[in-house]
Amino acid sequence: VILTASHDCSARAWGLSGGANLKAYRGHTSWVRSVALSPDGQHLLTGSADSSARLWSVEKGECVQILRGHKDHINAVAFSADGACALTASDDRTAK
């Protein structure tokens, strides 16, 4: 699976063979700038120009939590190695 962030306010999962769009993760109100997969493969983390990050269930394609607190675009997201923490970096010059 390949994950992409998009200007259409979504993140997408694509199949490696054939390139089929397997799932779209929609809910942000501005373009998605970064996407990360949790170490256990159960969750997706997206960061957006709407200044929020969202935690998604990979299987269901549903947002399970919205993370707010940045004052500008989120440029990067990541999970800690054990998957216990979500990390974000923003144009507001902070990391959370």
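First, a word on scope: everything that follows refers to the structure included in this document. Being a predicted model, the structure only gives us computed values, none of them experimental. (Residues numbered from 1 in each chain as written. Predicted model: local features only at pLDDT ≥ 70, side-chain atom pairs only at ≥ 80, totals over all residues. Heavy atoms only, no water.)

The next subject is the nonpolar core. In a soluble, globular protein the nonpolar side chains are often hidden away together inside. Ala36, Leu45, Ala53, Leu55, Ile74, Val77 and Phe79 together form the largest nonpolar core, which totals seven residues. Taken together, the elements giving at least two residues each to this core come down to β6 (53-57) and β8 (74-79). Among the elements that make up this core, the one with the highest residue count is β8 (three residues). Beyond its immediate sequence surroundings of up to four residues, Leu45 is in contact with Ser34, Val35, Ala36, Ala53, Arg54, Leu55, Leu67, Val77, Ala78, Phe79, Ala86 and Leu87. The next biggest cluster of nonpolar side chains, apart from the first, holds six residues, and it includes Ala13, Tyr25, Val32 and Trp56. (Core = buried A, V, L, I, M, F, W, Y, C linked by side-chain atoms within 4.5 Å. Buried < 20%, exposed > 50% of the residue type's maximum accessible area, 1.4 Å probe, protein only. Helix = DSSP H or I, 4+ residues; strand = E, 2+ residues; numbered from the N terminus. Contact = heavy atoms within 4.5 Å.)

Take the side chain of His28 next. Relative to the assigned elements, His28 resides in the loop between β3 (21-26) and β4 (32-37). A polar side-chain atom of His28 sits 2.7 Å from a polar atom in the side chain of Thr46. Here Asp50 takes part through its side chain, which lies 3.1 Å from a polar atom of the side chain of His28. Excluding residues within four positions of it along the chain, His28 makes contact with Cys9, Thr46, Ser48, Asp50, Ser52, Ala53, Arg54 and Trp56. (Polar contact = N/O pair within 3.5 Å; in protein donor to acceptor, adjacent residues only side chain to side chain.)

On to the pairing of β6. For β6, a buried count of five out of five residues is recorded, marking the element as mostly surrounded by other parts of the structure. Both faces of β6 are covered, namely the face carrying Ala53, Leu55 and Ser57 and the face carrying Arg54 and Trp56. Where strand β5 (residues 43-48) and β6 come together, five bridges link them in antiparallel fashion. The residue bridging Gly47 from the neighbouring strand is Ala53, located in β6. Here β5 hands over to β6 after four residues, with Ser51 in that stretch at a positive phi of 75°. Where β6 and strand β7 (residues 63-67) come together, four bridges link them in antiparallel fashion. Within β7, the residue paired with Arg54 across the bridge is Ile66. The turn joining β6 and β7, which pair antiparallel and follow one another in sequence, is formed by five residues; a positive phi near 75° is taken by Gly61. (Pairing = 2+ DSSP bridges.)

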